[in-house]
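Descriptive structure summary
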Amino acid sequence: MATLHPVTGMEGPVLVPEQYHPFLSLRETEVAIKKLKDTFEKLLAEELNLTRVSAPLFVHKTTGLNDNLNGVEGPVSFTSKAVHPESEIEIVHSLAKWKRMALHRYGFKVGEGLYTDMNAIRKDEDLSNIHSIYVDQWDWERVIERTDRHKEFLKGIVQKIYSVFKKTEEFVCKEYSQIQKLLPESITFITTQELEDKYPELSPKDREHAICKEHGAVFIMEIGHALKSGEKHDGRAPDYDDWRLNGDILFWYPILNRSVELSSMGIRVDKAALEEQLKIAGCEDRKDLEFHKGLLDETLPFTIGGGIGQSRICMYFLRKAHIGEVQASLWDSETIRICKDLGIELL
């Protein structure tokens, strides 16, 4: 069970479980975060054949490399007299596009990939138990064949990633006997249209909660295009995921009595998908940007990739009620007060 405690000035309330008592102290949590991240990172690299690389915190706006997310979130930007006083620089939202260019530049071959620690600021994020203006995730990308651009290949990669989640949960439960396993043996696949057909009376977010509560772990596929109802399940930038070959990994989280998204990923656009999606999104002017030119002339490799939230994973596996318990960010005063009153220790 969970109780809603409204927080002034926020889009959503702080969701606080009844009788919440963290399994780990503040210091024990910090130690556990390091162990958990090291374990997951190692397992992910082994499972997907990934090499860790360094990555930028900011990029030039004119490159088109920044992730536009849903198209409404504004990046943090600045200029630098040392670099170019008139060139706008943006803090990355994610490295979805940068990774594909890096695979080409570094000479990765089919079946090989890279991953990096991505840190970002999303200043327009609505704060909640699972949302922060500070984002930390593993961004990964892997080279594939043109012939790998189909749903079964996508599902195969999802299953590999899910096996990493399962092994990580086993590790955490052995390290901390007070933490019990939650994940089911396998992950369930469903498309956004199948989800709308199954729960036509529910909102997209409530559909996610319902399907995750039923199955425990779900990969929701095909996010970006409008459904039969005329509404989208969720927004996606038009220039990295192919909207027919992407999806989100979500787990049911009984601590908060809701679903939690742990990863967004997909097979990336080819020339045809990019042209179609740019037209739908009204963003055809992006064709003149460096990254998009590399896609349209097919200089860049065919890839699959995604982001996996580090703090979300720590929150889930350590059974925390608030993402602020596993990352150091900034919060409004009312959130801080409520968390303090209810025994939620923010880092």
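Here's a quick rundown of the structure. Note that the coordinates shown come from a computational prediction; the quantities given were computed from them, not determined experimentally.

Before going further, it helps to spend a moment on unusual backbone geometry. The backbone of Glu222 shows a phi angle near 70°, a positive value even though the residue is not glycine. Within the secondary structure, Glu222 sits in the loop between β10 (217-221) and β11 (241-253). Positive phi values are uncommon outside glycine, yet Arg319 reaches one of about 60°. Within the secondary structure, Arg319 is located in the loop between α8 (310-317) and α9 (333-341).

Moving on, we come to empty space enclosed by the protein. Enumeration according to the criterion identifies two cavities of 30 Å³ or more in this entry. Put simply, the largest cavity is a space of about 50 Å³. Taken together, Arg100, Val269, Asp270, Lys271, Gly294, Leu295, Glu298, Leu300 and Phe302 form the lining of the largest cavity. Its residues assigned to classes, the lining of the largest cavity shows four nonpolar, one polar and four charged. Looking at the second largest cavity, its volume works out to about 40 Å³. Surrounding the second largest cavity, Pro22, Leu24, Ser25, Leu26, Thr29, Lys320, Glu325 and Glu345 form its lining. Split by residue class, the lining of the second largest cavity holds three nonpolar, two polar and three charged.

Glancing now at the environment of Ala237. By the element assignment, Ala237 lies in the loop between β10 and β11. Each C-alpha atom, one on Ala237 and one on Glu46, is 29 Å from the other, the two residues being 191 residues apart in sequence.

So, on to the packing of aromatic side chains. Applying the stated criterion across every chain yields a total of 10 aromatic pairs. Ring centres 5.0 Å apart and planes at 80° place the aromatic pair Phe165 and Phe251 in the edge-to-face group. Here Phe165 is found in helix α3 (residues 151-175), whereas its partner Phe251 is found in strand β11, with 86 residues between them in sequence. A relative accessible area of 0% means that Phe251 is categorised as buried. For the ring pair Phe189 and Phe219, a centre distance of 5.9 Å and an interplane angle of 70° mean the geometry is edge-to-face. With Phe189 in strand β9 (residues 188-191) and Phe219 in strand β10, this residue pair connects regions lying 30 residues apart in the sequence.

Each pair of packed helices can be summarised by the angle the axes make with each other and by the distance between the axes. Remark: helix α1 (residues 26-48) packs on α8, axes separated minimally by 10 Å, with the N-to-C direction vectors making an angle of 115°. You can see that α1 and α8 cross each other, and the crossing is right-handed. Residues Ile33, Leu36, Lys37 and Phe40 of α1 form the contact with α8, whose participating residues are Gln310, Ile313, Cys314 and Phe317. For the contact of α1 with α8, the per-class residue count stands at six nonpolar, one polar and one charged.

Strand pairing in a sheet relies on backbone hydrogen bonds. The paired strands run either parallel or antiparallel. With mixed pairing, the eight strands of this open sheet are ordered in space as β3-β7-β8-β13-β12-β11-β10-β9. At either end of the open sheet lies a strand with only one pairing partner, and these are β3 (50-52) and β9. Ignoring which end each strand starts from, the neighbouring axes of this sheet average 25° apart. Against the sheet, α1 contacts β3, β7 (113-121), β8 (134-143) and β13 (303-309), and its axis sits at roughly 15° relative to β8.

Criteria and thresholds
Note that residues are indexed from 1 along each chain, following the sequence as it is written. Totals for whole chains, interfaces and linings use all residues, but because this is a predicted model, local features are given only for residues with pLDDT of at least 70 and pairs of side-chain atoms are given and counted only at 80 or more. Note that the side-chain values use all heavy atoms of the structure and ignore hydrogens as well as water. Labels follow the DSSP assignment, with helices taken as runs of H or I lasting at least four residues and strands as runs of E lasting at least two, numbered in each case from the N terminus. Buriedness of a pocket was judged along seven lines, with at least five required to meet protein on both sides within 12 Å; pockets are open sets of points on a 1 Å grid over the protein atoms alone, cavities are sets where a 1.4 Å probe fits but cannot get out, and lining residues have an atom within 4 Å of a point. Grid points are joined across faces, edges and corners, and a volume is the space filled by probe spheres set on the points. Throughout this entry, Asp, Glu, Lys and Arg are counted as charged residues, while Ala, Val, Leu, Ile, Met, Phe, Trp, Tyr, Cys and Pro are counted as nonpolar. The remaining residues, Gly among them, count as polar. Under the pairing criterion, centres of Phe, Tyr and Trp rings, with the six-membered ring standing for Trp, must be within 6.5 Å; the plane angle then separates stacked pairs below 30 degrees from edge-to-face pairs above 60, leaving the rest tilted. The rule is simple: take the accessible area with a 1.4 Å probe, protein chains only, and divide by the maximum for that residue type; under 20% is buried, over 50% is exposed, in between is partly exposed. A fitted line through C-alpha atoms represents every axis, and for helices the fit uses only the stretch in contact; the resulting angles, taken between N-to-C directions, go from 0 to 180 degrees. When the near helix sits turned anticlockwise from the far one by under a right angle, the crossing is termed left-handed; a clockwise turn instead gives a right-handed crossing. Note on contacts: a residue pair is in contact if any heavy atoms of the two residues lie within 4.5 Å. Any two strands between which DSSP finds at least two bridges are classified as paired.

Spatial relationships are all this shows, so hold off on functional conclusions.
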